[in-house]
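Chains, contacts and geometry: an overview
Chain by chain, the residues:
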Amino acid sequence: MNLRDPNDDAETTLSTWIEVALNGPWGKGRQPHAPIAVADIIREGIAAARAGAAIIHCHAYDEATGRQNDDADTYARIIEGIRAEVDALVYPTLPLAGSGLTGVAATPAERFAHVKALAARGLIEMTVVDPGSVNFTRRDGGGQPEPGFVYLNPEADTLEGLALCEAAKLTPSYAIYEPGFTRAGAALAARFPGLLAPLYRFMFSDQFAWGFPPRDYALDAHLRLLAEEAPGATWMVAGLGVDIAPLIPFAVERGGHVRVGLEDAPFGSSISNVAQVEAAVRLVHQAGSEPATAQEVRAGLRA
C-alpha cells in the first residue's frame with residue numbers, strides 16, 4: 001500500500017518497523033532455541049538486524065543458572081556487541097514481577113535500576129514500561145497445566161518508569177495485554193509533559209487467557225480505543241504464546257508495526273528468530289510496505 005501526497009506527484013512508500021524479541025524470560029525449558037549466552041544473543045541480534053529488524057529486545061541471563069538476571073553490565077555487553085556490527089535500537093526488559101521466573105525487585109527504583117544505568121551510558125533509546133497487571137493463565141491443552149501467576153505492575157512502578165523516561169528522553173514501550181492498559185497508559189503518560197510519546201504494543205495470545213486472540217476484529221477494537229485515548233499514537237502488534245503472522249497484513253494496512261521472535265512464539269517453537277524476521281519482511285512487502293531502518297524508527301519515535 002502506498003500513500004500519495006496530494007501536493008506531490010511522487011508516491012511515498014510506507015515503512016514498517018520490525019522488532020524482534022530474541023528470548024524472553026522462559027529459559028531453555030520452555031523455549032529451547034532461544035539464545036541465553038551473551039555471545040549467542042549478540043550473534044542472533046546481528047543476524048536479525050541484517051534480516052530486517054530495526055528494533056531488538058532481549059532479556060539478559062545468568063549463564064551459570066540459566067535464569068534471567070537484569071544486570072546493567074550484561075545488557076551493556078549485549079547492546080555494544082550488537083551495535084558494533086549493525087545499526088539497531090536494542091533495549092532491555094524488566095524483572096517479570098510476580099512470576100518466579102526472574103529476580104525479585106523490592107521497589108520500583110530497584111526494578112528500573114539497570115534501565116537507569118544503561119540510559120546514563122547512552123546505550124538505550126526506549127524501555128519497557130507496562131501500565132497494568134494481568135493474570136497469566138495457560139489455556140492451551142496437553143498434559144498438566146502449569147500454575148498461573150499475576151504479572152505485577154503497580155501504578156508506582158509505572159510512574160517510576162515514566163519519570164525515568166521523561167528525565168532520560170527514552171520512549172516508553174507499553175505492552176497492552178488488556179484494553180484497559182491503553183486507557184491507563186494514556187492517563188499516566190499525561191502526568192509527564194516532557195515525556196516522549198509511548199509506543200503501544202498490542203499483545204495477543206493463543207497460549208494465555210488474557211486479552212484477544214490474533215484476529216482482525218480484535219485489532220480493530222484496540223485501534224478504536226487508541227484513537228479515543230491517544231490519537232495518533234504509534235502502535236504495533238505483538239504477543240506471547242502466539243504466531244502473530246496472520247495479523248501482519250492487517251497491521252501494515254492500518255499503519256502499524258510488527259514484533260516477532262522467540263520470546264513471543266508458542267513454547268517449543270522450532271522457527272528461529274532470523275526465520276521469523278524474514279517471514280515478517282515477506283509479509284510486510286506483500287502488504288505494500290518496506291521494513292524501516294533504525295534511523296527511520298528513531299525519527300518516528302521523536303516525531
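Since this is a predicted model, take the numbers as computed values, not measurements.

Rules used throughout
- Residues numbered from 1 in each chain as written.
- Predicted model: local features only at pLDDT ≥ 70, side-chain atom pairs only at ≥ 80, totals over all residues.
- Heavy atoms only, no water.
- Core = buried A, V, L, I, M, F, W, Y, C linked by side-chain atoms within 4.5 Å.
- Buried < 20%, exposed > 50% of the residue type's maximum accessible area, 1.4 Å probe, protein only.
- Helix = DSSP H or I, 4+ residues; strand = E, 2+ residues; numbered from the N terminus.
- pLDDT = per-residue confidence, 0-100.
- Contact = heavy atoms within 4.5 Å.
- Polar contact = N/O pair within 3.5 Å; in protein donor to acceptor, adjacent residues only side chain to side chain.
- Expected span 1.5 Å × (residues − 1).
- Arc of directions from axis to C-beta.
- 1 Å grid on protein atoms, 1.4 Å probe; cavity = no way out; pocket = protein on both sides within 12 Å on 5 of 7 lines; lining within 4 Å.
- Points joined across faces, edges and corners; volume = space filled by probe spheres on them.

This part takes up the nonpolar core. Core analysis: the biggest nonpolar cluster contains 93 residues, and Phe-136, Tyr-177 and Tyr-200 have the highest contact counts within it. Residue contributions to this core peak at six residues, all from helix H2 (residues 38-51).

Our next topic: the confidence of the model for the protein chain. Per-residue pLDDT for the protein chain averages 92, and the proportion of residues at 70 or more is 91%. Of the regions scoring below 50 in pLDDT, residues 1-11 engages in 16 contacts with residues more than four places distant in sequence or in other chains.

Within the secondary structure layout, Glu-19 lies in strand S3 (residues 18-21). At 3.1 Å, the side chain of Glu-19 forms a polar contact with the side chain of Arg-259. With near-sequence residues (within four places) excluded, Glu-19 lies in contact with Ile-55, His-57, Tyr-91, Met-236, Val-258, Arg-259 and Val-260.

Before going further, it helps to spend a moment on helix H6 (residues 155-168). Helix length check: H6, at 14 residues, gives a terminal C-alpha distance of 20 Å against a target of 20 Å (1.5 Å per residue), a fit within 8%. Of the residues making up H6, those classed as buried are Asp-157, Thr-158, Gly-161, Leu-162, Leu-164 and Cys-165. Buried residues in H6, looked at end-on, bunch into an arc of 160 degrees, giving them a common side. Here the buried face of H6 lies against helix H4 (108-111), helix H5 (113-120), strand S8 (126-128), strand S11 (171-176) and helix H7 (179-189).

A water-sized probe rolled over the atoms picks out the places where empty space is left. This model, assessed by the stated rule, comprises two cavities of 30 Å³ or more. Roughly 190 Å³ of internal volume is contained in the largest cavity. What lines the largest cavity is a set of 21 residues, among which His-59, Thr-93, Tyr-151, Tyr-177 and Glu-263 lie closest to the centre. Taken as a whole, the second largest cavity encloses approximately 40 Å³ of empty space. Taken together, Leu-94, Arg-111, Phe-112, Val-129, Asp-130, Asn-153, Pro-154, Asp-157 and Thr-158 form the lining of the second largest cavity.

With that settled, consider unusual backbone geometry. Phi at Lys-169 is positive, roughly 60 degrees, even though this residue is not glycine. Relative to the helices and strands, Lys-169 resides in the loop between H6 and S11. Judged by relative accessible area, which is 47%, Lys-169 ranks as partly exposed.

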